[in-house]
Structures are given as structure tokens and as C-alpha cells.
Amino acid sequence: MDTIRSNILRKVFTGLLFITLSFPVYSVNNWKNILQDEKQNTELYKKGLQALNNKDTINAEKYFKESVSRNGDAASNYELAKIYLVRNTYLSRNIAYEYFRKAALLEPENLEYRYAFASLMKSFARRSSMKEYKNILSLDSNQTNAYLNLGEMKAKDFNEFNRSVRSENGVYMSMQESANKDFVESEKYFLSALSKDTLNYDTIMKLSLLYERANKPQKGIPLLNRLVRNNKDDKNVHLLLGLL
């Protein structure tokens, strides 16, 4: 019985020793394969960038598509979106939309991807665009450009409905209440941008123009006076100040 027990223990020990010794080798080989795959995927992206630098968009598109197919990386999706966006057709814009969307989904904290996605949607999906700018602010409340874009979009709504009416079953109804709400919202976003950057040129100009159209010059003049001190030779600042 002792001999049998000894033989069993010897076999168990030998098996455990074999597993222990072979496991590091197996792990190292696995890591080598993983690193090699990652390098190949990275190389495809780098080749795509190199092709872009050489203004060879055909090969760039090929490399980025292969990278997306193999690795599904956000960076290649983003570059493909930019390539299709430049082609400026209805179909290419829709394809760009999908690639931008995938890039943003894969790396939701990448603000560059989110800005590109939000900007593309401004022309045909304004609500989705505004939602995306708000998502950017939820990630980083100091994003002045997100506030600026939101302010611009609501200012456009104000300009459209201010002092206007619409016909409903032959009855004309004023749109001023909606316009006033758009004004308040637009002003809020612009002021939020200024709270982060008090001398932001674009924000002051656009907010002052909003005040001019809303017949509130007393609000815009102090802002433009602030801007004049740092832009004395800017004719556009002086023109808008003169209007107010």
C-alpha cells in the first residue's frame, strides 16, 4: 500500500511540476502573440497616416479600413470619417456620420471625436448635435467651444422666430414667446462660455450680435468695450459697437 501511495504521490507531483514549469512558457508565448497582433494593428493605422501625409487618400482609406476590420480601433474610424467628409456628398456624409459615431462610442471620453461628431450633425440633426455638445460638457465643464456652439444654435432659433408669426388653421399666432425662450437659453450658454474665458473674441461678438437683434444694446456695449481694449484695430468690433 505504501508503494502504491508513493507512486500516486510521485505522479501527482510530477504533473504539478510540469504544469508549473510549462505555464510561464505558455504565458510568455501568449503575450508575444498579443503584442505582435497589437503591433500589426498599430502599423496599419500608421501606414494610413503616412499615406494621408503623402496625399494618397486611396491607400489611406484602404489601411484604415483594414485596421477597423482587424482591430475596430477608434482612431481609424475617426480618420475614415474625415476622409469621407471631405468628399462632400450626401452618401459620403452619411458614411462619415457612422464612422464618427463609432469613434465616439469606442472612446467616449475623447473630446476631439465628440466635437467632430457634434459638428457634423449641426446641419441635419440639431437636437442630436446639441445633446452631443451637452455630453462634452458633462465630461469637461470647462469646454468653452461647447458652450459657444450651443449658444450659436439657440441664437439661430431666436433669429428665426423673433418678431414672427405662424398660421394655424387660418389664425396667425405670434412666435415671440418661443423666441424669448431661445434668447434666454442662448444668452445663458454664451455667458457660461465667458465665465471660462472672459475675453473670448467669438463669444463676445456673437453675444453682442444677439443683444443687437434683441434690442438690448445696454448689455452688449460693456462687452464690446472690454474687447476693444485688446483689439483696437479690429474694424468688426468697432462696427458692432457702433451698431449697438
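Relevant structure appears above.
Described in the following lines is the structure provided in the data block. (Residues numbered from 1 in each chain as written. Predicted model: local features only at pLDDT ≥ 70, side-chain atom pairs only at ≥ 80, totals over all residues. Heavy atoms only, no water.)

## Quick notes on the environment of Leu105
- One can find Leu105 in helix H4 (residues 90–106).
- As for Leu105 and Ala74, which are separated by 31 residues in sequence, their C-alpha atoms are 8.2 Å apart. (Helix = DSSP H or I, 4+ residues; strand = E, 2+ residues; numbered from the N terminus.)

## Side note on the packing of helix H6 (residues 126–139) against helix H7 (residues 144–161)
- It is the contact of H6 with H7, at a shortest axis distance of 9 Å, that shows an interaxial angle of 150°. Between H6 and H7, the angle falls in the class roughly antiparallel. Relative to H7, the crossing made by H6 is left-handed. Of the residues in H7, those touching H6 at Arg126, Ser129, Met130, Tyr133, Lys134, Ile136 and Leu137 are Ala146, Tyr147, Asn149, Leu150, Met153, Lys154 and Asp157. (Axes fitted to C-alpha atoms, helices over the stretch in contact; angles between N-to-C directions. Parallel < 35°, antiparallel > 145°, perpendicular 65-115°, else oblique. Left-handed = near helix turned anticlockwise from the far one by under 90°. Contact = heavy atoms within 4.5 Å.)

## A look at the pairing of strand S1 (residues 165–168)
- Relative to strand S2 (residues 171–174), S1 runs antiparallel, the two being bridged by four bridges. From the neighbouring strand, Arg166 faces S2, where its bridge partner is Met173.
- Hairpin connection between S1 and S2: a loop of two residues separates the two successive antiparallel strands, and Asn169 in this loop has a positive phi of roughly 55°. (Pairing = 2+ DSSP bridges.)

## Re the packing of aromatic side chains
- According to the stated counting rule, one finds nine aromatic pairs in the structure shown.
- Judged by centre distance (5.9 Å) and plane angle (50°), the ring pair of Tyr45 and Phe64 falls under tilted. With Tyr45 in helix H1 (residues 2–53) and Phe64 in helix H2 (residues 57–71), this residue pair connects regions lying 19 residues apart in the sequence.
- For Tyr45, a relative accessible area of 22% puts it in the partly exposed group.
- Here Phe64 falls in the buried class, since its relative accessible area comes to 0%.
- With a centroid separation of 5.9 Å and an interplanar angle of 25°, the aromatic rings of Tyr84 and Tyr99 are classed as stacked. (Phe/Tyr/Trp six-rings, centres within 6.5 Å; stacked < 30°, edge-to-face > 60°. Buried < 20%, exposed > 50% of the residue type's maximum accessible area, 1.4 Å probe, protein only.)

## Observations concerning the nonpolar core
- Grouped together as the largest cluster of nonpolar side chains are 22 residues, with contacts concentrated most on Tyr78, Leu80, Phe100 and Tyr113.
- By residue number, the principal contributor to this core is helix H3 (residues 74–87), which donates seven residues.
- Those residues in contact with Phe100 that sit more than four places away from it in its chain are Tyr78, Ala81, Lys82, Leu85, Ala116, Phe117 and Leu120.
- Counting 20 residues, the second-largest nonpolar core is a separate cluster that includes Leu148, Phe183, Leu223 and Leu224. (Core = buried A, V, L, I, M, F, W, Y, C linked by side-chain atoms within 4.5 Å.)

## What about the pattern of salt bridges?
- What the rule picks out here adds up to 14 salt bridges.
- The shortest N-O distance in the salt bridge between Asp157 and Lys154 comes to 3.2 Å. Residue Asp157 and its partner Lys154 are both found in helix H7; the two are separated by three residues, about one turn of the helix.
- For Asp157, a relative accessible area of 10% gives the class buried.
- A salt bridge links Glu187 to Lys219, with the shortest nitrogen-to-oxygen separation between them at 3.0 Å. Taken together, the residues Glu187 in helix H8 (residues 176–196) and Lys219 in helix H10 (residues 217–228) connect sequence positions 32 residues apart.
- When salt bridges that share partners are traced, they join Arg126, Lys154, Asp157, Asp182 and Glu185 into one network. (Salt bridge = Lys/Arg side-chain N within 4 Å of Asp/Glu carboxyl O.)

## What about helix H9 (residues 201–213)?
- If you check H9, its first and last C-alpha atoms are 19 Å apart, about what 13 residues at 1.5 Å a residue would give, namely 18 Å.
- Within H9 the residues assigned to the buried category are Thr203, Ile204, Met205, Leu207, Ser208, Leu210 and Tyr211.
- The inward-facing, buried residues of H9 contact H7, H8, H10 and helix H11 (235–243).
- Where H9 begins, one side-chain oxygen reaches toward the backbone nitrogen of Asp202, 3.4 Å away; that side chain belongs to Asn200. (Expected span 1.5 Å × (residues − 1). Polar contact = N/O pair within 3.5 Å; in protein donor to acceptor, adjacent residues only side chain to side chain.)

## Observations regarding the side chain of Gln143
- Positionally, Gln143 belongs in the loop between H6 and H7.
- The buried category is assigned to Gln143, whose relative accessible area is 18%.
- Here Tyr115 takes part through its side chain, which lies 2.9 Å from a polar atom of the side chain of Gln143.
- Ignoring sequence-local partners within four residues, the contact set of Gln143 consists of Leu111, Tyr115, Ile136 and Leu137.

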